[in-house]
Amino acid sequence: MVPIYYYLILSAILFSIGVGAFLIKRNIITIFMSIELMLNAVNLSFVAFAHHWHQVSGQIFVFFVMVVAAAEAAVGLAIIIAIFRTRSTLNVDSVDLMKL
Amino acid sequence: MTGSLNLWLIPLVPFAGFLVNGLIGRKLPKVLVSAIALICTLIPFLQVAKIWFQFSSITTPYIEHLGTWIWSGAFHADFDLQLDQLTMVMLLVVTGVGFLIHIYSVGYMAHEEGYWRFFAYLNLFMFFMLTLVLSENFLLMFVGWEGVGLASYLLIGFYFLKDSAARAGIKAFVVNRIGDFGFLIALFLLIARFGTLSYHEVFAQITQHPEWQGGILTAIALFLVLGATGKSAQIPLYVWLPDAMEGPTPVSALIHAATMVTAGVYMIARTHVLFDRSPLALSTVAIIGAATAFFAATIGLVQTDIKRVLAYSTVSQLGYMFLACGVTAYSAGIFHLVTHAFFKGLLFLAAGSVIHALGGEQDMRVMGGLRKKIPITFWTMTAAVFAISGIPPFAGFFSKDEILYQAFISPNSLGKTLWFIGLVTAGLTSFYMFRLWYLTFFGESRAAAHEEAEHAAAVHARSDTKLVLEAEHAHPVHESPAVMWIPLAILAILSVIGGWLGIPSAMGGHNEIEHFLAPLLGSPAAAANESSSLTLILASVSVLVALTGVLLAHILYKAKPELPAKLATQLRGLYTLLLNKYWVDQLYGAVIVTPLLLFSRYILKALIDRGIIDGAGFAAGTTTQGFGAIVQRVQSGNIRSYAGWLAVGAAVLLIAVYFGFTAHFSPQ
Amino acid sequence: MHLVLFFIFAGLCVAGALNLLFQRHPINSALSLIVVMSSLAVLYLLLGAEFLAAAQVIVYSGAIMVLFTFVIMLLNAGREQRTHGSKAAYLVGFPGAAVLVALLVYMFLSNRGPLGDAVLGNYLVTTSDLSRVLFHGLLLPFEVTSVLILVAILGAVALARKEH
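All residue numbers refer to position in the chain's written sequence, counted from 1. Throughout, the order in which chains and ligands are written sets their labels, letters from A for the former and numbers from 1 for the latter. A pLDDT threshold of at least 70 governs which residues receive local features in this predicted model, and a stricter bar of 80 or more applies before side-chain atom pairs are shown or counted, although totals over entire chains, interfaces and linings include all residues.

### Some details on the overall build of chain A
Here is the rule we go by: Strands here are runs of E lasting at least two residues and helices are runs of H or I lasting at least four, both read from the DSSP assignment and numbered beginning at the N terminus. Here exposure depends only on C-beta density: within 10 Å of a residue's C-beta, 20 or more other C-beta atoms make it buried, 12 or fewer make it exposed, and intermediate numbers make it partly exposed, the C-beta atoms being placed from the backbone. A pair of residues counts as a contact when their C-beta atoms, built from backbone coordinates, are within 7 Å of each other.
Broken down by element type, chain A carries 3 helices and 1 strand. Listed by position from the N terminus, the elements making up chain A come as β-α-α-α. Each principal axis of the C-alpha atoms in chain A carries an extent, and together these give about 50 × 25 × 25 Å. Per-residue burial over chain A gives 56% buried out of 100 residues. Long-range pairs, those at least 24 residues apart, make up 48% of the contacts in chain A with a sequence separation of at least 6.

Here it is in structure tokens:
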């Protein structure tokens, strides 16, 4: 008999930790992982609401999020490898050529 | 009912001539350019002559409606031309004298580079002048009014490479503009008061209400007078006319003697219905006229440039016309306008002939002894000089005398004073005109002595034309070609017989011109006081005064030529005052022009234009740039800062959504 | 009993997340994330999503995190160095994140009444239920997703290839 809002608050906490990790960490890969954490937090929210409203579409959504997250992780890591090859560093602060 | 008179042809044919000569004249041979210009001036003249011959069968006023122009609510202004007695007289003068001067110009300007340009501008002038005279409403007249100012500017500055000519053109235009401003205000007041600008509607309204006197009608009249003083070179806006002598001599003859400057007089005569209701305005006109006549005559006494003397003479004679209008003797004013066109046009053309004969010389001090060398010029100029001095039976006598007589018997309290001023001016007029006559044609030729004594170039810099000066000066003095002296001869004949249009009944004539214009201009207010004996007495007095002037001129410039120099030194103060034209130009410069320039330069330009307006634009730019520089720092290239901003943005969005949609958050 | 389970695994989640935050070496962060993923799988089970729980373990923990680990080891990423940070991230980001979480928590707390409880027997989604919707109503997105994965594979291969 777990109140739904427990799940939701958990999801909020996980999400904010993800944001915090994103802001603090300097390693690109770790930042990427924090993104995955945020996605998972949102997935939890979806499932919780799916249960609350007895709708299956919440879970469908989670399904698709997982697929996309997988694809994104693959491509993102490929990009990180490419960056590492040229810059020889995984420090995100040194990848700032796009500044005005 | 008359058939269509095709009035529209009269102004539009010269306009066509302007277009042709203006657009392709540069490529055409001079013969063709002259032919086009002359034909485009001849056709209107023939048209006018034709209308004149059938004039008695025309019901006046004859109005030709060419098309709607402005139609805005209740206000209506159309392209309407009209023909009545006054228009007829003006048309004859403008087209007739204009045509003669065009012929003359063919000879005078023969060596000019800008030949095509000259005739193009001259035709343009004819177009505008004819529009001014033919128009049926104030607005179309204003178009012509401004247009002749434009043509005048273009023609004064014809020798645009010469600095003084360019400046003179600008001066003419700007001073005219001041007058035009007055005219515009008058137009606005007319619209405000009458709701229309059409002559016959405005005048009909005024005539139907004999109780309307003064008030706004005075205001309108006074502003119209301001416009007239600008165009007709009266005090205080006369200063442009002497400088306008920088233009070629035919221009001075046509525009600044016979036609454009008379536009002011025409306008007052045309709106006489309005002026008759405002004694204040009439007195103003009369006083300005008399004062200007005297003032300009005094300046003309001591000028040494032949064209300057004639310029001041024009100002003075225009003063007479104003005086006539001021004492409601409008037809007398128009009569003098007509005779003045003849003899002043002739004077200028003859002066041009003299200048041409001497190879560009304009200074009378180095003229002399030309009587035998250029006889035709001499005799025609003599006719003109006699005419302007008011010696019977030449033209000027009858017209000037009529004005003086009307002034004398005018019910206006100032009448007699004005008469006296006019009389004295007549004496001055004959004096300076005969002075000019003697200095130019009589005595020993001073030209040869002068040339050896002085450097030729310094003198030529002041003359009005011709890169071939040096070569021409080597020519002996020669008479002008036929194309130049034929118009002189015609005008000379007119100067002799022109006055016979208006011989008053006291002298056995029928005063045809006054009777002709009477249906339109009415009889002067003084008509009740007319008496033959007074006419004859006053006429005799005028003739005596004129002859005195002649005598004085004879003494000073023929019999005892050393006297003028002695008088000049004895009356040094007065002489300097006159020679420097009362320092009016300098006065205007110091009081009006310089402050305006300083104001423009330092306040309007530096402060407002550069500081405020440009500054505002500049500030807008710098502000945007500043903001941009600040916002630019968001784009740091650093992913973590982007993430930070993202988080903030998400938070803001969430707040907006949550607190914006709280109402929708209903329990299930 | 469900409540106890919830608290245990929720605690594991949070602990794992915090560990991810505080660890210096990326490999430790990766391993903490695996813990989080697995705990989340259990929580999905508690919410009656059996397929998703399995998928979470297989896909997330088993494939994605393994990929992460491979890359970390491939690139030999070392301990994090201290470099110049971005002021914006700290000055602006933390308040933003704080506001975010505060607002969310507030939102959920103020609506806890209407949300009710999650009883396990209440709503169980079997795999067949899920697949019925997926292959019936949402067939097109499903197929498109497969194309998406294909494209991602191609992209990853192209990007990570060694330049010749």
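### Structural notes on the overall build of chain B
The helix and strand inventory of chain B stands at 28 helices and 2 strands. Projected onto the principal axes, the alpha-carbon positions of chain B cover approximately 125 × 70 × 55 Å. Restricting the contact set of chain B to residue pairs at least 6 apart, pairs at least 24 apart contribute 80%.

### Description of the packing of helix α1 (residues 9-24) of chain B against helix α4 (residues 115-134) of chain B
Residues and elements named next belong to chain B. Heads up, the condition is: All axes here are fitted lines through C-alpha atoms, helices being fitted over the stretch that makes contact, and every angle between N-to-C directions spans 0 to 180 degrees. For classification, angles of less than 35 degrees are called roughly parallel, those exceeding 145 degrees roughly antiparallel, those between 65 and 115 degrees roughly perpendicular, and all remaining angles oblique. In this scheme the crossing of two helices becomes right-handed for a clockwise turn of the near helix relative to the far one and left-handed for an anticlockwise turn of less than a right angle.
At a closest axis distance of 8 Å, the pairing of α1 and α4 adopts a crossing angle of 160°. Taken together, the axes of α1 and α4 lie roughly antiparallel to each other. As α1 packs across α4, the resulting crossing turns out to be left-handed. Contacts between α1 and α4 involve I10, P11, P14, F15, G17, F18, N21 and G22 on the former and, on the latter, W116, F119, A120, N123, L124, M126, F127, L130, T131 and L134.

### A look at the interface of chain B and chain C
As a reminder, the rule being used: In this count, Pro and Cys sit with the nonpolar residues alongside Ala, Val, Leu, Ile, Met, Phe, Trp and Tyr, while Asp, Glu, Lys and Arg are called charged and the others, Gly among them, polar.
Counting residues at the interface gives 17 residues for chain B and 14 residues for chain C. Residue composition of the side of chain B that touches chain C, grouped by class: 11 nonpolar, 5 polar and 1 charged.

### Here's the deal with the confidence of the model for chain B
Residues shown with low pLDDT carry predicted positions that ought not to be read at fine detail. The cut-off we apply is this: Each residue carries a pLDDT score, the predictor's confidence in it, ranging from 0 to 100.
Looking at chain B, the pLDDT average stands at 85 and 92% of residues meet or exceed 70. For residues 455-474 of chain B, every residue scores under 50 in pLDDT, and the model assigns this stretch 26 contacts once sequence neighbours within four places are set aside.

### A look at helix α27 (residues 584-632) of chain B
Here is the rule: Two axes enter the bend calculation: one fitted to the seven residues ending at the residue in question, the other to the seven starting there, and the bend is the angle between them.
The sharpest bend along α27 of chain B reaches about 40° and sits at G615 of chain B. The element α27 of chain B is largely exposed, with a buried count of 0 among its 49 residues.

### Considering the pairing of strand β1 (residues 62-72) of chain B
As a reminder of what qualifies: At least two bridges found by DSSP between two strands are what make those strands a pair.
The element β1 of chain B is largely exposed, with a buried count of 0 among its 11 residues. Connecting β1 of chain B to the antiparallel partner strand β2 (residues 75-83) of chain B that follows it, the hairpin turn spans 2 residues, and G73 of chain B within it adopts a positive phi of roughly 65°.

### A word on the packing of helix α13 (residues 279-300) of chain B against helix α14 (residues 306-326) of chain B
Residue and element names in this part refer to chain B. With their axes 7 Å apart at the nearest point, α13 and α14 run at an angle of 160° to one another. Taken together, the axis directions place α13 and α14 in an arrangement best described as roughly antiparallel. Pair α13 / α14 crosses with left-handed handedness. Residue composition of the contact of α13 with α14, by class: 17 nonpolar, 8 polar and no charged.

### Describing the interface of chain A and chain C
The interface is formed by 57 residues belonging to chain A together with 72 residues belonging to chain C. For the side of chain A that touches chain C, the elements supplying multiple residues, two or more each, are β1 (2-3), α1 (4-24), α2 (28-53) and α3 (57-87) of chain A. Tallied by class, the residues present in the side of chain A that touches chain C amount to 44 nonpolar, 10 polar and 3 charged.

### So, the pairing of β2 of chain B
The pairing of β1 of chain B with β2 of chain B spans 8 bridges and is antiparallel. For E64 of chain B, the partnering residue across the bridge sits in β2 of chain B and is L81 of chain B.

### Concerning unusual backbone geometry
Residue and element names in this part refer to chain B. Omega for the bond connecting I235 with P236 falls within 30 degrees of zero, at 0°, which places this linkage in the cis form. For the bond from P392 to P393, the omega torsion is -5°, close enough to zero to count as cis. Within the element layout of this structure, P393 appears in the loop between α16 (375-389) and α17 (395-408). Here K581, not a glycine, exhibits a phi torsion of approximately 55°, which is positive. Notably, Y582 is not glycine yet its phi reads approximately 60°, a positive angle. Within the fold, Y582 resides in the loop between α26 (572-579) and α27.

### Quick word on the environment of V93 of chain B
Residue and element names in this part refer to chain B. One can find V93 in helix α3 (residues 85-108). Along the primary structure V93 and I493 are separated by 400 residues, whereas in three dimensions their C-alpha atoms are 15 Å apart. For V93, the contacting residues outside a window of four places in its chain are A258, V338 and A341.

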